[in-house]
Amino acid sequence: ISKAGIVLAAQRLGLPITAFACHAEKKWVFRSWDRLEIPKPFSRTRTIYSEPIPVPPDAGPEEIERIRAHLEAVLHEMKGEKP
């Protein structure tokens, strides 16, 4: 799900990463590679945000991978999936 690029971008910008997931009560789900979902009109939606995930400016490759794995775990948890 997540790649190291988002962690590297956050590191270079000096910003934390905030993961989010949106859930629609009624939706269309496309049979595409990413299972694109579009909420149907007047459907209730819910958006969930994570706590900010800080990325230290001096993080090395191992730390970058640890943060990426943590972000992926957070995203799976938000979607109710098992990693």
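Above this text is the structure in question.
Residues numbered from 1 in each chain as written. Predicted model: local features only at pLDDT ≥ 70, side-chain atom pairs only at ≥ 80, totals over all residues. Heavy atoms only, no water.

Draft legend 1. Inspection of the nonpolar core at higher detail. In terms of nonpolar packing, the biggest core is built from 14 residues, with V7, I17, A19, V55 and L71 touching the most fellow members. Put simply, the parts of the chain that give this core at least two residues each are α1 (4-13) and α2 (61-79). The greatest single-element share of this core, amounting to six residues, is contributed by α2. Beyond its immediate sequence surroundings of up to four residues, V7 is in contact with I17, V55, I64, I67 and R68. (Core = buried A, V, L, I, M, F, W, Y, C linked by side-chain atoms within 4.5 Å. Buried < 20%, exposed > 50% of the residue type's maximum accessible area, 1.4 Å probe, protein only. Helix = DSSP H or I, 4+ residues; strand = E, 2+ residues; numbered from the N terminus. Contact = heavy atoms within 4.5 Å.)

Draft legend 2. Focus on the layout of surface pockets. As a volume, the largest pocket reaches approximately 650 Å³. Of all the elements in the fold, those that place two or more residues in the lining of the largest pocket are β1 (20-24), β3 (37-39) and α2. Among the elements that make up the lining of the largest pocket, the one with the highest residue count is β1 (five residues). (1 Å grid on protein atoms, 1.4 Å probe; cavity = no way out; pocket = protein on both sides within 12 Å on 5 of 7 lines; lining within 4 Å. Points joined across faces, edges and corners; volume = space filled by probe spheres on them.)

All quantities given are derived from atomic positions and should not be read as evidence of function.
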